[in-house]
Amino acid sequence: RFVAVGAVPELTSRFRGREVLDAGGGLAVPGLVDSHTPPVFLGTREGEFEQRIGGRSYVEIAAAGGGIRSSLEGVRGSTEHLLLAALLPRLDRFLQLGTTTIEAKTGYGLTVADELKGLDVIAAANQAHAVELVATCLGAHDVPPEFNGRPDDWIEIVCEELWPAAATKAAFADVFTESHVFGLDASRRLMESAREHGLGIRMHVDQLTSLGGAELAAELGASSADHLEHVSEHGIAALADRGVQPVLCPLVPLFLGEAQEAPARRMIDAGCAPALSTDFNPGSCYCMSLFEVMSWAALRYRMSAAEALTGTTLNAACTLGLGHELGSVEVGKRADLVLTDLPNHSHLTYELGRNPVQKVIKGGAVVR
Ligand code: NIG
């Protein structure tokens, strides 16, 4: 943990370091926190990317059997061991890019057993790797194909079987609230049930259409309302009013070829405290760099470098209920720190396409 923060002369007069790390004049920032990513999957979906470049939409591709459902086979057909072997190198890359904590969602199993397997993989990765993972069960990511035409049966299984079992392995439950997946009534039922079983709630809302998901997340007092590209003014006011934090994923519309971007400035003006995340996943964003996210948030959302850094550190930690432990360099907090070669914090957003990380410290240990 950090025991003191201050200028070098003051600190050296009070402490003698067992080991000295010289950042060489580079910028040091808190360990970055990625508050939205489903990283447990096998196989990538670059073919869909090419199709979108050719003009097809994310929803059209999903309706034709692609999308989330096309990632199910990889998870269902794999052992825990194989999924862990796919996840660990991804965590290496997160760490290389200065990310020391991620919120890790399941969501590509969509049977009770396969979702629980995903949570076990996340727990095993937490033991094996320096990156800290906070587990979310995204059992309501989609209606599995076996439940075509009878989504209520899947919702029943999620509420009665999955959430109770997941509650011992995950901190949060999550739902994809969208017109082609779970509507408002279904989402309310899923999230109320998750909460009854002791899970915190996070929600994918208003990503592709303006359904009123933000209003629902506010009504339920969710820990986060994620995406929000199509949020209404009323939805923004509701989030601000209830203190529900937006988690914005600025690379996703870019990756999906969707024109509409989240109105981040209006959210900040309304008093919201947005987090920024990669949403690293095989379908809607194959990028793990929060530095890329910060630059894009500046260019498209008009967020300052300081706002972008807050979004990838303290605000992100707060959505995970870890704001008292992570996300800033303060006495008593866990010593997660990233040493970069950047000359000042404006370079966080100004530089594109380069990894400025020199050293990564997690819980006081140099891990990279
Ligand atoms: O956050 N929106 C839902 N889930 C992911 C997409 C997952 C996928 O396409 O595989 C997201 O963007």
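What you are looking at is a predicted structure, and each value in this text was computed from that prediction instead of being measured.

Student: An account of the nonpolar core is needed here, citing residue identities and associated values.
Tutor: Trp163, Phe182, Leu190, Met191, Met203 and Leu228 are the most contacted members of the largest nonpolar core, which has 96 residues in total. At 7 residues, helix H7 (residues 151–166) tops the list of elements feeding residues into this core. If sequence neighbours within four positions are ignored, Met203 has contacts with Asp174, Val175, Thr177, Ser187, Met191, Leu216, Ala217, Leu220, Ala222, Ser224, Ala225 and Asp226. Core analysis: the next-biggest nonpolar cluster, separate from the first, contains 10 residues, Val134, Ala317, Leu320 and Leu322 among them.

Student: An account of the packing of aromatic side chains is needed here, citing residue identities and associated values.
Tutor: Per the stated rule, a full pass over the model turns up 6 aromatic pairs. Their ring planes at 55 degrees and their centres at 4.9 Å tell us that Phe49 and Phe255 sit as a pair that is tilted. One end of the pair, Phe49, is in helix H2 (residues 46–53); the other, Phe255, is in helix H11 (residues 251–256), and 206 residues separate them in sequence. The partly exposed category is assigned to Phe49, whose relative accessible area is 32%. Ring centres of Phe94 and Phe280 lie 5.9 Å apart, and the angle between their planes is 90 degrees; on these two criteria the pair is classed as edge-to-face. Of the two residues, Phe94 sits in helix H5 (residues 80–96) while Phe280 sits in the loop between strand E9 (275–276) and helix H13 (290–301), which places them 186 residues apart along the sequence.

Student: Help me get a handle on unusual backbone geometry, residues and values and all.
Tutor: The residue Leu228 is not glycine, and still its phi comes out positive at about 65 degrees. The backbone of Arg302 shows a phi angle near 60 degrees, a positive value even though the residue is not glycine. Secondary-structure assignment places Arg302 in the loop between H13 and helix H14 (305–311). For Arg302, a relative accessible area of 62% gives the class exposed.

Student: A description of H13 should follow, citing residues and the corresponding values.
Tutor: Considered for burial, the residues of H13 that qualify are Leu290, Phe291, Val293, Met294, Ser295, Ala297, Ala298 and Tyr301. Backbone nitrogen of Phe291 and a side-chain oxygen of the N-cap are separated by 3.2 Å at the start of H13; the cap is Ser289. At the C-terminal side of H13, Arg302 shows a positive phi close to 60 degrees.

Student: Could you give me a rundown of the sheet that holds strand E1 (residues 28–30), with the residues and numbers involved?
Tutor: Read across the sheet, 4 strands follow the order E1-E10-E11-E12 without closing on themselves; strand pairing throughout is antiparallel. Of all strands in the sheet, those bounded by a partner on one side alone are E1 and strand E12 (365–366).

What counts and how
Residues numbered from 1 in each chain as written. Predicted model: local features only at pLDDT ≥ 70, side-chain atom pairs only at ≥ 80, totals over all residues. Heavy atoms only, no water. Core = buried A, V, L, I, M, F, W, Y, C linked by side-chain atoms within 4.5 Å. Buried < 20%, exposed > 50% of the residue type's maximum accessible area, 1.4 Å probe, protein only. Helix = DSSP H or I, 4+ residues; strand = E, 2+ residues; numbered from the N terminus. Contact = heavy atoms within 4.5 Å. Phe/Tyr/Trp six-rings, centres within 6.5 Å; stacked < 30°, edge-to-face > 60°. Polar contact = N/O pair within 3.5 Å; in protein donor to acceptor, adjacent residues only side chain to side chain. Pairing = 2+ DSSP bridges.

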